[in-house]
Amino acid sequence: MATIFSPLRYPGGKSAIAPYLAALLRANNYSGRVFAEPFAGGAGAAVKLLYAAEAEHLALNDVDQAICDLWLAILGETEEFLKLLRDTPVTVEEWSKQRAIWEKPEHHELAARGFATFFLNRTNRSGILRGRPIGGLDQSGAYPITARYNKANLEKRILRLAKWKSRISISCLDALDFIEALAALPRPPFLFLDPPYVGQGRHLYMNAFGHEQHESLATWLRAHSRIPWVLTYDDHPIIHELYSWAHITQIPIRYSAQTKRKATELLILPPWVTVPTEEARPLCYS
Ligand SMILES: C[S@@+](CC[C@H](N)C(=O)[O-])C[C@H]1O[C@@H](n2cnc3c(N)ncnc32)[C@H](O)[C@@H]1O
């Protein structure tokens, strides 16, 4: 049975997850070590942990080759990537060109492929790669295509990320293969799993995670009690059933993908992970 507002001391909301993860790492003696995200996407929380020295190294994985290309281009071809950022106009016409690169990546070099993913993420509604541009193709919406594209700020963020490149490794595997490989290490890293939602994943991501995969993940996690992890999910009956053996907490959130309706999401911890007793405190960035 799920708890609402349990003693987990996680106030809820994606922006609060990084301080909570830091508290979780401290409580389990994993501070300053490798931190892994099998479903990394933009790895917003993991990057904050690295900047705040709460994690020593990030092992980021995503099965979507376009997302891996984005990471590899930013970290490995920073100058080319920044040139594309500076020189590319942010218009609907350009959006169509970037969309074409993203659809046929095999005809392009790494920097162009990674940049196309970045461009679509910043100009599409809710950052959904397969989605439509903010303001619509006719730009009749309330916000323009440039609404989330402040070149100067984005450049700063990319430069900052690139400075940490020796502490970030990228892989493009199926999440289960990735965690299987990590499990073979003498001391596996702490895992933060943020898989596609059961209810919405099919519409949001290129690589929807089907029922069988949700089930295999739960079976794998249950069988590997040496591995510390935390999992976030949508509040769906299937997930309550799959994780009835773990600690499930319902967290109130505001959905932002399409609607602004209120909802709850789940934070799940296995019985072998120590729940933080300290308040999650704001992170200090270097
Ligand atoms: C909810 S998002 C993660 C968001 C991420 N926490 C962030 O801060 O941006 C889920 C991610 O899982 C990836 N994904 C889907 N199926 C996968 C699979 N089988 N193995 C690994 N990654 C997968 C998607 O490409 C997507 O980037």
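None of the values given here were measured: they were computed from a predicted structure.

Chemist: Just to check I follow, could you spell out the pairing of strand β5 (residues 190-193) for this structure?
Modeler: Here is the key point about a regular strand: its side chains alternate between the two faces of the sheet. Residues Phe190 and Phe192 point to one face of β5 and Leu191 and Leu193 to the other, with burial holding for every one of them. Sheet topology places strand β2 (residues 33-37) next to β5; two bridges connect them, and they run parallel. Bridge pairing links Phe35 to Phe190 in β5. The pairing of β5 with strand β6 (residues 229-234) spans three bridges and is classified as parallel. Its bridge partner lying in β6, Leu191 is registered against Trp229.

Chemist: Looking at this structure, I do not really get the packing of aromatic side chains. What am I missing?
Modeler: Within a pair of aromatic rings, the relevant descriptors are the distance that separates the centres and the angle that separates the planes. According to the stated counting rule, one finds 16 aromatic pairs in the structure shown. Where Tyr233 meets Tyr243, the ring centres are 6.2 Å apart and the plane angle is 50°; that geometry is what we call tilted. Highlighted residues: Tyr233 in strand β6 and Tyr243 in the loop between α11 (237-242) and β7 (247-254), separated in sequence by ten residues. The exposure class assigned to Tyr233 is buried, which follows from its relative accessible area of 0%. Taking the ring centre of Tyr285 as reference, the NZ or CZ of Arg160 above it sits at 5.7 Å. Arg187 extends its terminal NZ or CZ atom over the ring of Tyr30, reaching a point 4.8 Å from the ring centre.

Calculation rules
Residues numbered from 1 in each chain as written. Predicted model: local features only at pLDDT ≥ 70, side-chain atom pairs only at ≥ 80, totals over all residues. Heavy atoms only, no water. Buried < 20%, exposed > 50% of the residue type's maximum accessible area, 1.4 Å probe, protein only. Helix = DSSP H or I, 4+ residues; strand = E, 2+ residues; numbered from the N terminus. Pairing = 2+ DSSP bridges. Phe/Tyr/Trp six-rings, centres within 6.5 Å; stacked < 30°, edge-to-face > 60°. Lys NZ or Arg CZ within 6 Å of the ring centre and 35° of its normal.

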